There are 2 protein chains.
Amino acid sequence: MPSSLKNDRLLRALLRQPVDATPIWIMRQAGRYLPEYRKLRELAGDFMTLCKTPDLACQVTLQPVERFPLDAAILFSDILTIPDAMGLGLSIIESKGPMFEYPVRSAQQIKKLGIPDPETDLRYVMDAVRLIRKELDGRVPLIGFSGSPWTLATYMVEGQSSKNFSVIKELLYDQPQVLHELLEKLAQSVALYLNAQIAAGAQTVMIFDTWGGVLTQPAYQEFSLTYMQKIVGQLQREMNGQRIPVILFSKGIGDMVIKIAETGCDAIGLDWMQDIAQVRSKVGDKVALQGNLDPAVLYASPEVIKKEVGKILESYGKGSGHVFNLGHGIHPEIDPEHVAVLVDAVHEFSKPYHRES
Amino acid sequence: MPSSLKNDRLLRALLRQPVDATPIWIMRQAGRYLPEYRKLRELAGDFMTLCKTPDLACQVTLQPVERFPLDAAILFSDILTIPDAMGLGLSIIESKGPMFEYPVRSAQQIKKLGIPDPETDLRYVMDAVRLIRKELDGRVPLIGFSGSPWTLATYMVEGQSSKNFSVIKELLYDQPQVLHELLEKLAQSVALYLNAQIAAGAQTVMIFDTWGGVLTQPAYQEFSLTYMQKIVGQLQREMNGQRIPVILFSKGIGDMVIKIAETGCDAIGLDWMQDIAQVRSKVGDKVALQGNLDPAVLYASPEVIKKEVGKILESYGKGSGHVFNLGHGIHPEIDPEHVAVLVDAVHEFSKPYHRES
């Protein structure tokens, strides 16, 4: 393990190597529930300015790591930076979510899309990664990430968050080849983007497939999983002698989660509807598992939070290969004190599961 | 089978008795995608007036049956009539969904809630059922329905549609006994309500658990499934010598669907993320299955609709026990011509699966 890392629990757990305690990080750990985030966000004026200014992105990334004994930092950025770099004109309005000024819907529009060059078109992300690595100074590893091709495509085609996904699904059912062209371009772009993050210093990478669960099972495999698998196959898996673990996360996909273990990834993210014990028994020692506390547990009292942490640790059982996390991003109304309780409980309660016996 | 019914395919399929073709009805078949519905809705002024005026509810219920050769009518009503009758003040605004003027959140508020008497407090529903039965005159059976206790509780506690279910989940994790009291009252109310619909003429009943899928697996069993099972145990299962089949539908619950087969219900509704062949192989001959076409398929061309119908029929395979439906309600933008294609395709393509060989 990286001798330069003071805390390498995350990387060890992702590679199913022994650890002293289960590592924890939290999806959206740098975010609106933190008063120090809200302050910076107000200063920046809008969300994309935070993302596009490496110094601000770095400050935001470090905030939760400075407040809590988390086992990882995750790059502060948005999942939609790639379509933005393709020229679709991203804006993020707090009450409405992401919006694209120029959605793409026709074969012609898709043909015209270029593959962004990470070090020029997404330079601000790479600069942020380099700066964060420097500022982290080996305290914890840095996680890089991207949206999955399918999830990026939903926003690019719909133009915004969707309830029914009617536009992209009409494309999927009526002109699957056109959608495949878009997904192919996105898979190439994501692979380049994640490799550039790895070259810039990301020590593990995660692909977020937020909307994989709105597809039928065959469509999930054809339009989402296949492209994540392609990306996994193209990623730089070693850097400076260190293995770079890859985490895939599709939300709301039920049974299909087992298929992810066959993509060649190192770990699978689990939402809170998954039974972590059952998934472990099915995927065996193939991959590590990350998750899967219901984010709503953090609304409850410290006693309840501790009890629910205990249940998940017990459900996963003995041995390495578990990265504790929520099953989805932390909600903006959560009390940071409750996060402190969560992080401590994971470290404290997990120790017995890692003792050799 | 009821000698008075000209088309008893639905009831036969729900009881896994032989049929000549797979029956089909469509969730929200009486709804905004129909121009004749939009006309009546405009005349009525608002949605709840349509529900609360038996003559209008009857007209709306019959509209899709008159337009398409569907195998069932479903009572036009709302899933939230029970909490409305409890005094929570329901209003339905098209852009926002349902809203309650007086949400319930405390043990005290829950204690005060009464169990509505169906024939007085929900008389308009029973009058609509009687009128629809008369007007249907045995053409097809009439389906009655209710929301599930858990799903009703989400709206009653949150006060409206929710993204994160933060208020009810805080209750669930922090004060589970208070939530159980509410669910207990709702289960009693739903059982009375459905029995009254059956007495008034509903020939089968369905419980919609739209939000079961936002729960962890243990919480789904404790807070949703248990109460649906209680209701099933209290329902009038025979009327005038006819068996009254009960259908349970929880959306987005993955693996948990298998547990529904153990409640004593006759049929399980499947969303489009379920693999109908796999579910059939797991539940065997215990229950019938209803579903599970992706509602978005109806955006596609007639050729694609036919192909996707063929896939589901083939996936279910030979024999009775399948009621064709969408995996969720039909979207308002769907072209009624596409619905005609769907209904005909199901009847035509399913015949070979029901021939004795």
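Check the entry above for the structure.
Residues numbered from 1 in each chain as written. Chains lettered and ligands numbered in written order. Predicted model: local features only at pLDDT ≥ 70, side-chain atom pairs only at ≥ 80, totals over all residues.

> Give a detailed account of helix H16 (residues 336–354) of chain B, specifying residues and quantitative values.
For H16 of chain B, spanning 19 residues, the distance from its first C-alpha to its last is 28 Å, which sits close to the expected 27 Å at 1.5 Å a residue. Residues Val339, Leu342, Val343, Ala345, Val346 and Ser350 of chain B constitute the buried set of H16 of chain B. (Helix = DSSP H or I, 4+ residues; strand = E, 2+ residues; numbered from the N terminus. Expected span 1.5 Å × (residues − 1). Buried ≥ 20, exposed ≤ 12 C-beta atoms within 10 Å, placed from the backbone.)

> Would you mind going over the sheet that holds strand E8 (residues 246–250) of chain A in detail, with residue names and values included?
Residues and elements named next belong to chain A. Strand order in the open sheet made by the 7 strands is E1-E4-E5-E8-E9-E10-E11, with parallel pairing throughout. With one partner strand each, in any of the chains shown, strand E1 (73–74) and strand E11 (322–326) form the two edges of the open sheet. Pairing of E8 with strand E9 (residues 267–269) involves 3 bridges; the strand directions are parallel. Bridge pairing in E9 links Phe249 to Gly269. Across the sheet, helix H11 (residues 176–200) is in contact with strand E4 (142–147) and strand E5 (204–209); its angle to E4 comes to roughly 170 degrees. (Pairing = 2+ DSSP bridges. Contact = placed C-beta atoms within 7 Å. Axes fitted to C-alpha atoms, helices over the stretch in contact; angles between N-to-C directions.)

> Before we move on, can you summarise the relation of the copies chain A and chain B with the specific residues and values?
Think of it as a corkscrew move, a rotation about one axis and a shift along it, taking one chain copy to the other. For the pair chain A and chain B, the superposition axis carries a translation of 0.0 Å, the fit reaches an RMSD of 0.0 Å, and the rotation angle comes to 180 degrees. Considering both components of the superposition, the chain copies are consistent with a two-fold axis. Across chain A, the smallest distance between a C-alpha and the rotation axis is recorded for Gly254 of chain A, namely 2.4 Å. Of all interface residues in chain A, 100% are interface residues in chain B too; the two copies therefore contact each other through one and the same surface. (Least-squares fit on C-alpha atoms with pLDDT ≥ 70 in both.)

> Mind laying out the environment of Asp271 of chain B, listing which residues take part and the relevant values?
Residue and element names in this part refer to chain B. With respect to the helices and strands, the residue Asp271 is situated in the loop between strand E9 (267–269) and helix H14 (276–283). When the C-alpha atoms of Asp271 and Gly252 are compared, they prove to be 6.8 Å apart, with 19 residues separating the residues in sequence. The contact partners of Asp271, leaving out residues within four places of it in the chain, are Lys251, Gly252, Gly291, Asn292, Gly327 and His328.

> So what's going on with the sheet that holds strand E1 (residues 73–74) of chain B? Which residues, and what values?
Residue and element names in this part refer to chain B. Taken in spatial order, the 7 strands line up as E1-E4-E5-E8-E9-E10-E11 in an open sheet, and their pairing is parallel. Of all strands in the sheet, those bounded by a partner on one side alone are E1 and strand E11 (322–326). The pairing of strand E10 (residues 288–293) with E11 spans 5 bridges and is classified as parallel. If you follow Gly291 over to E11, its bridge partner there is Phe324.

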